[in-house]
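# Working through the structure, step by step
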Amino acid sequence: MFEKILIANRGEIACRVIRTCRTLGVRTVAVYSEADADAQHVRQADEAYPIGGPRPADSYLRGDAIIEVALRCGAQAIHPGYGFLSENADFADAVEAAGIAFIGPKAASMRKMGSKAGAKELMQAAGVPVVPGYTGENQDPAVLHGEADRIGYPLMIKAAHGGGGKGMRIVRASEEFPALLESCQREARNAFGRDRVLLERYVERPRHIEIQIFGDRHGQVIHLNERECSAQRRYQKVLEESPSPFLSAELRATMGAAAVLAGQAIDYVNAGTVEFIVGQDADGKPGGFYFMEINTRLQVEHPVTELVTGLDLVEWQLRVAAGEALPRAQDAIGQRGHAIEVRLYAEDPEAGFLPGSGKLERLRLPSADAHVRLDSGVIEGDTVTIFYDPMIAKLIVYDQDRPRALARLRGALAQCEIAGPKSNIEFLERLIRHPAVVEGRIDTGYLDRHLEEFMPSAQVDAAGDRDLLLGATVVQLLAQEGRSRDNAAASNDPDSPWAIADGWRLGHGGRRSLAFVQRDERLELQAHGSGGDYRIEIPALGDVQHQVQGARLDGAELSLRIDGRARRLTAFAESLSESGGRMVVHDGERRLRLESVPMYRHEHSAASGSGNHVTAPMPGRVVVVKLAAGDAVEAGQEVMVIEAMKMELSLKSPRAGVLAEVRAAAGDFVEADAVLATLETA
């Protein structure tokens, strides 16, 4: 076993590798960019060295700088994690040439899989089922269009190099092909440096099943069963689980054997994943399965396999890279229970899942135990930067069967609270309660077809939501009363009746007014009473008055009776004061996020001319500018494209008119809310 390894990555996966190394007594070396000087992987490693600027190209993609650090500190091996250089065959070769072990597959195996086109041809020759398509070298747009017409529609255009859902487009009609080809090639060129594409028949309503494989340097290749990743949005995995609720035992065995065959075909060593799509018949039963690709690295979702097999895949990676044989043979691989993983992201689902950034002012996650696992690279107070993937944590749950695992996941998500950048917690909570997920029938396109079903409601209207609003009101009322008691205790007359925060004044019977903001909508309420017993009116929701009795707040647990019904809610409150504060109230199924604001405020007129600007929704880099000053533009027409957090964002004109000026060029870095183009005054 190695004595010291370098981890050529950052964030969650770097911390994950460090954790296993500690259990094995292996010392770890981290590398970091200027943006990551205070990151958790730097703090957790035994040593850490700077390697460049915040952009990946200036740091984590600098293989020469990483190898130099490894040689300087005496690291015997390099673990690439996932992303960055993990599937770069030239980097793997350079590591080996420097006399350092690469904790991953052989460079030759990577090269065979580095091209989706070449991989498909190789798998077909090896007898692994593949989807019909075109993988040729000729990339002339006219030739590609002709091949697309030959294959038939719908079909998929895929970047031949890379992964992660980048450079993929579905074409449903011949006339759509040219524009989608151009878009796909541009995204592939920006993400991977190469714009070659392949074409393949698009399988409608497919399920995404991947098989974890492992090979050693002694010629042994085995599989560790499957993970299902069919819950996807724009080809990005949202929920992963094992075992798949879709597969029969016979199909599982057949696909496992095909995955091993694929690994043997490229002399595979270390951890890898063979990805398949599986068709469905009209009754939702499995149809044929087809090879998609081999990811020549550890996958983000590897923890679900670890939980159902009881294995540490990172430990296996280290042992195999050190020359050891696989710790177990195929017939010794078991599968027990059910595991599910979701990813907590700093993103705004209601704004098209726009990635977020900023300081994690609050990060509350459930406690880890035998049923709940958390893999994260940040803690409360850390910053989610604009330069890297905005994942905050992976939440993985385990139990003896799928219904119990889903129940564990619901409970774990209910304990999560993130303040600072927006997050996808509410989206995930709705996802795991949706019938398509609960019944195990979601396909890879379902989320994109029915996204509105997974979005939080825009208004407080349902009875359950009203209970949450009343709970938030009670939390604010109790906080006011607590402040009054504290002030009275510090005064010269702590027993004064004026210290009771019940709102009583001459002329009215103790009315208190409160105001909240929810998704930019202002809600005003009136309350009478104190000490946990209140009469609350919500004028915007009708003239009904609600009676609240026996309200008690113990830490984050709020118990109360609403109109005679006893409820138990969870309340996370932050910085509650007379001037405002934030809170989240949860009933175990739904959450309501509110901002407490002053009841009385000065009104400000909205800034005029907002319809004359094209602004950056977040920090990023301009990829392409489509129009110039003086050009006529239609409402909704694309003006430019920026890249931020590994995704392209299309910036469109707010109205029809003429562009007065364009203030950015391709390659420019821009800040959030920067005005990038203006229209002439209408």
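Above this text you will find the structure in question.
Computed from a predicted model, the values in this text were never measured in an experiment.

Taken together, the four strands give an open sheet; going across it, the order is S6-S9-S7-S8, and neighbouring strands pair in antiparallel fashion. The open sheet has two free edges, formed respectively by strand S6 (133–134) and strand S8 (168–171), since each of these has just one partner strand. Of the strand pairs in this sheet, strand S7 (residues 155–159) and S8 are connected by four bridges, and their pairing is antiparallel. By the bridge assignment, Ile157 is partnered in S8 with Arg169. Against the sheet, helix H6 (residues 116–126) touches S6, S7 and strand S9 (197–201), its axis set at about 45° to S9.

Right, let's get into the packing of helix H7 (residues 141–151) against helix H8 (residues 177–192). Between two packed helices, what matters for the description is the angle formed by their axes and the separation of those axes. Contact geometry for H7 and H8: axes closest at 11 Å, N-to-C directions at 120°. For the element pair H7 / H8, the angle class is oblique. The handedness of the crossing between H7 and H8 is right-handed. Along the contact surface, H7 presents Pro141, Leu144, His145 and Ala148, while H8 presents Phe177, Pro178, Leu181 and Gln185. Taken together, the residues of the contact of H7 with H8 break down into six nonpolar, two polar and no charged.

Turning next to the pairing of strand S25 (residues 521–530). Bridge count between strand S24 (residues 511–518) and S25: eight bridges; the pairing is antiparallel. Across the sheet, Ala515 pairs through a bridge with Glu524, a residue of S25. Counting the residues between successive antiparallel strands, the hairpin from S24 to S25 contains two residues, one of them, Arg519, with a positive phi of roughly 50°.

Turning to the packing of helix H3 (residues 63–73) against helix H4 (residues 89–97), a few remarks are in order. Here H3 crosses H4 at 25°, and the two axes come no closer than 10 Å. In this view, H3 runs roughly parallel relative to H4, as classed from their interaxial angle. You can see that H3 and H4 cross each other, and the crossing is right-handed. Contact with H3, carried on its side by Gly63, Ile66 and Ile67, involves Phe91, Ala94 and Val95 of H4 and no other residues of that element. Across the contact of H3 with H4, the residue classes break down as five nonpolar, one polar and no charged.

Whether parallel or antiparallel, the strands of a sheet pair through hydrogen bonds between backbone atoms. Spatially, five strands are ordered S3-S2-S1-S4-S5 in an open sheet, and the strand pairing comes out parallel. Of all the strands in the sheet, just strand S3 (47–52) and strand S5 (101–102) have a single pairing partner and so form its edges. Examined bridge by bridge, strand S1 (residues 4–7) and strand S4 (residues 77–79) share three bridges and lie parallel to one another. Residue pairing for S4: Leu6 is matched across the bridge by Ile78.

Here we take up empty space enclosed by the protein. In the structure shown here, the tally under the stated rule is four cavities of 30 Å³ or more. Here the largest cavity is characterised by a volume of approximately 60 Å³. Along the wall of the largest cavity there are 13 residues; nearest its centre are Glu228, Leu239, Glu241, Arg402 and Ile442. Put simply, the parts of the chain that give the lining of the largest cavity at least two residues each are strand S11 (221–233), strand S12 (236–242) and helix H14 (435–438). In terms of residue count, the dominant contributor to the lining of the largest cavity is S11 (three residues). Among the residues making up the lining of the largest cavity, the classes are represented as six nonpolar, two polar and five charged. Residue lining of the second largest cavity: His79, Pro80, Gly81, Ser86, Ile103, Gly104, Pro105, Thr296, Arg297, Leu298 and Gln317, and that is the complete set. Taken together, the residues of the lining of the second largest cavity sort by class into four nonpolar, six polar and one charged.

It is worth spelling out the layout of surface pockets at this point. If you add up the space inside the second largest pocket, you get close to 780 Å³. Surrounding the second largest pocket, 30 residues form its lining, Lys422, Glu426, Arg519, Arg582 and Arg593 being those nearest its centre. Elements supplying a minimum of two residues to the lining of the second largest pocket: strand S16 (347–348), strand S23 (417–419), helix H13 (425–431), S24, strand S29 (565–577), strand S30 (580–586) and strand S31 (591–597). It is S31 that provides the largest number of residues to the lining of the second largest pocket, a total of five residues. Residues of the lining of the second largest pocket, tallied by class, amount to 13 nonpolar, three polar and 14 charged.

Further remarks concern the side chain of Thr570. Position of Thr570 among the secondary structure elements: in strand S29. With a relative accessible area of 17%, Thr570 lands in the buried category. Those residues in contact with Thr570 that sit more than four places away from it in its chain are Ala556, Glu557, Val584, Val585 and His586.

Parameters and conventions
Residues numbered from 1 in each chain as written. Predicted model: local features only at pLDDT ≥ 70, side-chain atom pairs only at ≥ 80, totals over all residues. Heavy atoms only, no water. Pairing = 2+ DSSP bridges. Helix = DSSP H or I, 4+ residues; strand = E, 2+ residues; numbered from the N terminus. Contact = heavy atoms within 4.5 Å. Axes fitted to C-alpha atoms, helices over the stretch in contact; angles between N-to-C directions. Parallel < 35°, antiparallel > 145°, perpendicular 65-115°, else oblique. Left-handed = near helix turned anticlockwise from the far one by under 90°. Nonpolar A, V, L, I, M, F, W, Y, C, P; charged D, E, K, R; others polar. 1 Å grid on protein atoms, 1.4 Å probe; cavity = no way out; pocket = protein on both sides within 12 Å on 5 of 7 lines; lining within 4 Å. Points joined across faces, edges and corners; volume = space filled by probe spheres on them. Buried < 20%, exposed > 50% of the residue type's maximum accessible area, 1.4 Å probe, protein only.

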